[in-house]
2 protein chains.
Amino acid sequence: MSNPSSEAPRLRADAARNRERLIEAAKEVFGEAGATASLEAVARQAGVGIGTLYRHFESREALVGAVYQREIDRLVEAAERGSPDGPRAAIRAWLHLFVDYIAAKKVLVSAMSQAPSSLEAIMGAVKVLLDRAIEAGEVRADLRPEDLMHALAGLAYAHDRAGWRESALRLIDVFVAGLAP
Amino acid sequence: MSNPSSEAPRLRADAARNRERLIEAAKEVFGEAGATASLEAVARQAGVGIGTLYRHFESREALVGAVYQREIDRLVEAAERGSPDGPRAAIRAWLHLFVDYIAAKKVLVSAMSQAPSSLEAIMGAVKVLLDRAIEAGEVRADLRPEDLMHALAGLAYAHDRAGWRESALRLIDVFVAGLAP
DNA sequence: ACTGTAGCGGAGGGCCCCCTCCGTTTTATA
DNA sequence: TATAAAACGGAGGGGGCCCTCCGCTACAGT
């Protein structure tokens with residue numbers, strides 16, 4: 001979280017390379033088979049021994065976390081940035097962004113359900129959006145961040161069915177329309 | 001689907017008993033560990049050999065189907081029954097019913113995603129509800145049954161978190177409010 | 001170039017799962 | 001009660017996965 005390159009004694013060149021390869025491989029493998037895919041498959045895909053994987057990432061969760069940290073950071077930033085068209089529009093825009101993230105990297109969802117820290121980060125983003133919108137009187141006041149999270153999860157669930165993306169965007173419209181107080 | 005007790009040559013008493021036990025055990029085990037739980041665990045729980053399980057249910061899907069057939073039938077019937085307060089109210093009521101089903105038997109969801117036939121049955125129910133509501137002009141016409149299914153999946157997803165049920169009911173209200181044309 | 005050491009790989013033990021096969025037990029019927 | 005047929009159960013072959021451990025490799029600093 002602070003300066004990352006001065007935190008540990010610095011990695012040897014081959015170690016750094018392998019670490020990067022593992023993350024890249026995990027992105028692919030998890031993207032195809034979900035976040036419960038075999039770690040040995042990840043190591044194979046990275047062209048690296050299983051021992052190397054375990055040296056770099058203590059647990060499956062650590063690996064999942066490394067893969068999605070960047071994406072999650074971006075989502076959080078987008079939520080904080082807001083929208084010029086007001087808080088409810090910001091929610092809509094953010095949900096659209098979320099859909100695109102899911103469409104691209106299929107596993108954000110399982111990352112969310114497997115790595116509690118990721119979940120918290122996204123929850124924080126959602127809270128920001130919702131608080132602003134409620135404060136502005138644009139959204140009914142009985143909603144809680146978890147509600148939106150659940151809606152999100154719904155968007156993400158079954159994201160591999162054909163036509164999912166269009167369906168998700170329609171759902172968002174319905175949902176945002178229903179948000180009015 | 002037709003008279004079931006005359007379909008096959010009739011089961012021997014012990015066979016019928018074990019079949020029942022297996023379904024009961026599957027209900028418990030799947031309820032606890034999800035529909036991917038080990039079939040051997042189901043057999044153990046039923047106090048029955050693994051061979052017996054496989055003789056009665058050709059595949060995991062067949063077992064899942066047997067477990068949830070009745071619940072799914074009821075959901076389908078409820079959708080066809082409708083509501084005296086109009087088609088949109090019927091959707092709302094049906095979603096509430098769905099929530100209760102999920103709250104009680106935790107695995108309906110995974111049943112849906114694992115057994116295509118269950119999915120189709122529920123899809124049919126949703127279509128009935130939606131068609132009526134659109135025809136009556138109570139719901140925007142661009143919605144498709146899959147959209148509602150996705151919303152459903154969302155309701156079901158993460159159904160084990162604390163406070164899930166209240167959150168789901170709030171979401172339904174938001175959603176139904178947004179359904180207006 | 002030399003050498004200490006960080007880092008590598010993958011064999012191997014332990015565990016669980018799937019599914020088949022067949023000797024044994026239970027049931028239904030004559 | 002005797003017997004054919006149905007049903008049972010669980011051992012066992014095959015496979016995958018998790019994770020540890022340690023002899024070997026290749027990098028970095030002198």
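Preceding block: the structure.
What you are looking at is a predicted structure, and each value in this text was computed from that prediction instead of being measured.

Caption draft 1: Examining the packing of helix 9 (residues 164-178) of chain A against helix 9 (residues 164-178) of chain B more closely. Following both chains from N to C, one finds helix 9 of chain A and helix 9 of chain B inclined at 100 degrees, their axes separated by 6 Å at the closest point. Regarding the angle of helix 9 of chain A to helix 9 of chain B, the classification is roughly perpendicular. Contacts between helix 9 of chain A and helix 9 of chain B pair Leu171(A), Val174(A), Phe175(A), Ala177(A) and Gly178(A) from the former with Leu171(B), Val174(B), Phe175(B), Ala177(B) and Gly178(B) from the latter. In terms of residue class, the contact of helix 9 of chain A with helix 9 of chain B is made up of 8 nonpolar, 2 polar and no charged.

Caption draft 2: Focus on the protein's contact with DNA strand D. Around DNA strand D, the surrounding shell holds 21 residues, and the nearest of these are Tyr54(A), Arg12(B), Asn18(B), Thr52(B) and Arg55(B). Here, DNA strand D places atoms within 4 Å of the protein, and 60% of those atoms are sugar or phosphate. For DNA strand D, a phosphate oxygen lies 2.8 Å from a polar atom in the side chain of Tyr54(A). Elements represented by at least two residues in the surface near DNA strand D include exactly helix 1 (13-33), helix 2 (39-46) and helix 3 (50-56) of chain A together with helix 1 (13-33) and helix 3 (50-56) of chain B. For the surface near DNA strand D, the element with the highest residue contribution is helix 3 of chain B, accounting for 5 residues. Its residues placed into classes, the surface near DNA strand D shows 8 nonpolar, 6 polar and 7 charged.

Caption draft 3: A negative patch on the surface, seen in detail. A cluster of acidic residues, Glu20(A), Glu24(A), Glu28(A) and Glu32(A), forms a negative patch at the surface. Inspection of the secondary structure assignment puts Glu32(A) in helix 1.

Caption draft 4: Structural detail: helix 2 (residues 39-46) of chain B. Residues and elements named next belong to chain B. Looking only at helix 2, the buried set comprises Leu39, Val42, Ala43 and Ala46. Viewed end-on, helix 2 has its buried residues packed into an arc of 95 degrees, placing them on one side of the element. Where the residues of helix 2 are buried, they touch helix 1, helix 3 and helix 4 (60-81). Structurally, the start of helix 2 carries an N-cap: the backbone nitrogen of Glu40 is 3.1 Å from a side-chain oxygen of Ser38.

Caption draft 5: Broad picture of the nonpolar core. Within the largest apolar cluster, 53 residues are counted, with the highest numbers of intra-cluster contacts made by Phe30(B), Val42(B), Trp94(B), Leu95(B) and Ile122(B). Looking at this core, you find at least three residues from each of domain 1 (4-57) and domain 2 (68-178) of chain B.

Caption draft 6: Region of the structure containing the protein's contact with DNA strand C. DNA strand C sits among 22 residues. The nearest are Arg12(A), Asn18(A), Thr52(A), Arg55(A) and Tyr54(B). Put simply, 64% of the atoms of DNA strand C that lie within 4 Å of the protein are in sugar or phosphate. Gly49(A) places a main-chain nitrogen or oxygen 3.1 Å from a phosphate oxygen of DNA strand C. In the model, a phosphate oxygen of DNA strand C is placed 3.3 Å from a nitrogen or oxygen of the Ala13(B) main chain. For the surface near DNA strand C, the elements supplying multiple residues, two or more each, are helix 1 and helix 3 of chain A together with helix 1, helix 2 and helix 3 of chain B. Among the elements that line the surface near DNA strand C, the one with the most residues is helix 3 of chain A, at 5 residues. Of the residues belonging to the surface near DNA strand C, the class tally is 8 nonpolar, 6 polar and 8 charged.

Rules used in this analysis
Residues numbered from 1 in each chain as written. Chains lettered and ligands numbered in written order. Predicted model: local features only at pLDDT ≥ 70, side-chain atom pairs only at ≥ 80, totals over all residues. Heavy atoms only, no water. Axes fitted to C-alpha atoms, helices over the stretch in contact; angles between N-to-C directions. Helix = DSSP H or I, 4+ residues; strand = E, 2+ residues; numbered from the N terminus. Parallel < 35°, antiparallel > 145°, perpendicular 65-115°, else oblique. Contact = heavy atoms within 4.5 Å. Nonpolar A, V, L, I, M, F, W, Y, C, P; charged D, E, K, R; others polar. Near = heavy atom within 4 Å. Polar contact = N/O pair within 3.5 Å; in protein donor to acceptor, adjacent residues only side chain to side chain. Patch = residues over 30% accessible without salt bridge, like charges linked within 9 Å, V, L, I, M, F, W, Y side chains within 5 Å. Areas by Shrake-Rupley, 256 points an atom, 1.4 Å probe, with all protein chains shown as cover. Salt bridge = Lys/Arg side-chain N within 4 Å of Asp/Glu carboxyl O. Lys, Arg positive; Asp, Glu negative; His and termini not counted. Charge placed at Lys NZ, Arg CZ, Asp CG, Glu CD. Buried < 20%, exposed > 50% of the residue type's maximum accessible area, 1.4 Å probe, protein only. Arc of directions from axis to C-beta. Core = buried A, V, L, I, M, F, W, Y, C linked by side-chain atoms within 4.5 Å. Domains from an automatic or database assignment.

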